[in-house]
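This is what each chain is made of:
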Amino acid sequence: MKKPQKKRIAIIGLGDIAKKAYLPIVANHSKIHPILCTRNIQVLEQLSNQYRINETYSDIDELIKAQPDAAMIHSNTESHFALVSKLLSAEIPVFVDKPLCYSLSESEILLNLSAQKDVLLYLGFNRRFAPLISTLKTQSNPIQVFWQKNRVGLPADPRVFVFDDFIHVVDSLRFLASGEIENIQVFPKLRSRKLEALQVQWQQNDVLLSGSMNRISGITEEHVEYYSKDNKWQIDELVSGIHYKDEKQHVIGFNNWDSTLYKRGFVDLIEDWLRALNESNFNSNRIQDIWDTHYLCETIVENILK
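These numbers come from a predicted model, not from an experiment.

A. Quick look at the packing of helix 1 (residues 16–26) against helix 9 (residues 266–277). Interaxial distance between helix 1 and helix 9 falls to 10 Å at its minimum, and their mutual angle equals 55°. Here helix 1 is positioned oblique relative to helix 9, judged by the angle of their axes. For helix 1 against helix 9, the interelement crossing comes out right-handed. Facing Ala-21, Tyr-22, Ile-25 and Val-26 of helix 1, the residues of helix 9 in contact are Phe-266, Val-267, Leu-269 and Ile-270. Of the residues contributing to the contact of helix 1 with helix 9, the split by class is eight nonpolar, no polar and no charged.

The following block contains the structure:
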């Protein structure tokens, strides 16, 4: 029996996130033939040798001429618009790290281009695929969800704060609920035009969703509290938690052999990306989903800047 052909997938931008989260999975995946692309020749050679990847490019146009089956963009946010535009115009499906762009208007252009070309545009939100989070999605009738993500010494421009980091909180809360966003409230803490902390809440189908981020905290941490009738789940750092019911608690987590990349959702994220590449029809719901998260982020930024 003939073996299924591997997907030739280009990894564009070989910085920390690509090295830590994506290359260890993609370079060893049985269904992927990886291609490396970066302008940094030294990094290109080092990673090519480390992962024994022979097909490499230092120029995006040369990569496009080689016609990969798909591309994954892990470069900085400022580069996304130009790279995604080129790839979609060449009818190459694209996976891109969040956010799509800092500008809602640029994001809209790319989403429209994806729809016009009938070419997949996929945004990578690993938290949706972290097993302890994706399990919560299967629970019925949530009442409240609280998501807190803090960092140390990183106040930032409000747009960068929200689109580069807080977007994880926004998208995860949207993912765990459903329906239209209503009654949004935004509470920022600004100092010298830098955003230091942020609290946002809204409702979807009567579910109260609340997200917070403090980037001048004393600790880097992430916690989720999910409530349904007679139940509470508390998830810490995406990798451990407790389920409370009838005044009793049940510890939830992983075994010692489960990898960090699996626990944090990257393994299942790549599997979903591959499934999306194999879909026979263009899925417009993906476009709407990306738009909804970015539109909500833009609404939050506008409220902060008022």
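B. Summary view of the side chain of Glu-222. By secondary structure assignment, the location of Glu-222 is in strand 11 (residues 221–228). Of the residues examined, Glu-222 reaches a relative accessible area of 4% and is grouped as buried. Within the structure, the side chain of Glu-222 is placed 2.7 Å from the side chain of Arg-127, a separation counted as a polar contact. A polar contact of 2.9 Å, which involves the side chain of Glu-222, links it to the side chain of Trp-147. Residues in contact with Glu-222, not counting those within four places in the same chain, are Arg-127, Trp-147, Gln-148, Lys-149, Ile-235, Asp-236, Glu-237, Leu-238 and Arg-264.

C. Representation of unusual backbone geometry within the structure. The omega angle of the peptide bond from Lys-98 to Pro-99 is -15°, so this bond is cis rather than trans. The phi dihedral of Gln-67 is positive, around 55°, even though this residue is not glycine. We classify Gln-67 as exposed; its relative accessible area is 61%. The backbone phi angle of Asn-205 is positive, close to 50°, even though this residue is not glycine. Mapping Asn-205 onto the fold places it in the loop between strand 9 (194–204) and strand 10 (207–214).

D. Focus on the sheet that holds strand 9. Strand order in the open sheet formed by eight strands is 8-9-10-7-11-12-13-14, with mixed pairing between adjacent strands. Of all the strands in the sheet, just strand 8 (181–191) and strand 14 (248–252) have a single pairing partner and so form its edges. Across the sheet, the mean angle from the axis of one strand to that of its neighbour is 10°, orientation sign disregarded. By the bridge criterion, five bridges tie strand 13 (residues 240–245) to strand 14 in an arrangement that is antiparallel. Following the sheet pairing, Lys-245 is matched in strand 14 by Lys-248.

E. Representation of the environment of His-74 in the model. Relative to the assigned elements, His-74 resides in the loop between strand 4 (70–73) and helix 4 (80–89). In this structure, the C-alpha to C-alpha distance between His-74 and Asp-97, residues 23 residues apart in sequence, is 5.8 Å. In contact with His-74, other than residues within four places in its own chain, are Ile-11, Ile-12, Gly-13, Ile-17, Ala-18, Tyr-22, Phe-95 and Asp-97. Only 2.8 Å separates the side chain of His-74 from the side chain of Asp-97, close enough to count as a polar contact.

F. Here's a closer look at the pairing of strand 13. Across six bridges, the pairing between strand 12 (residues 231–236) and strand 13 is antiparallel. Bridge pairing in strand 13 places Ile-235 opposite Gly-241. The hairpin turn running from strand 13 into strand 14, its antiparallel successor, is two residues long, and Asp-246 in that turn takes a positive phi close to 55°.

G. Here's a closer look at the sheet that holds strand 2 (residues 32–37). Taken together, six strands build an open sheet; the order of strands is 3-2-1-4-5-6 and the sheet is parallel. Bordering the open sheet on either side are strand 3 (56–57) and strand 6 (121–124), each of which pairs with just one other strand. Across four bridges, strand 5 (residues 94–97) lies against strand 6 in parallel orientation. The partner of Val-94 across the bridge, within strand 6, is Leu-121.

H. The arrangement of the packing of helix 4 against helix 5 (residues 104–117) in detail. In the contact formed by helix 4 and helix 5, the axes pass within 10 Å of each other and the chain directions differ by 10°. As summarised for this structure, helix 4 and helix 5 are arranged roughly parallel, according to the angle between their axes. Counted together, Phe-81, Val-84, Ser-85, Leu-88 and Ser-89 of helix 4 and Glu-106, Ile-109, Leu-110, Leu-113, Ser-114 and Lys-117 of helix 5 form the full contact between these two elements. Split by residue class, the contact of helix 4 with helix 5 holds six nonpolar, three polar and two charged.

Criteria and cut-off values
Residues numbered from 1 in each chain as written. Predicted model: local features only at pLDDT ≥ 70, side-chain atom pairs only at ≥ 80, totals over all residues. Heavy atoms only, no water. Axes fitted to C-alpha atoms, helices over the stretch in contact; angles between N-to-C directions. Helix = DSSP H or I, 4+ residues; strand = E, 2+ residues; numbered from the N terminus. Parallel < 35°, antiparallel > 145°, perpendicular 65-115°, else oblique. Left-handed = near helix turned anticlockwise from the far one by under 90°. Contact = heavy atoms within 4.5 Å. Nonpolar A, V, L, I, M, F, W, Y, C, P; charged D, E, K, R; others polar. Buried < 20%, exposed > 50% of the residue type's maximum accessible area, 1.4 Å probe, protein only. Polar contact = N/O pair within 3.5 Å; in protein donor to acceptor, adjacent residues only side chain to side chain. Pairing = 2+ DSSP bridges.

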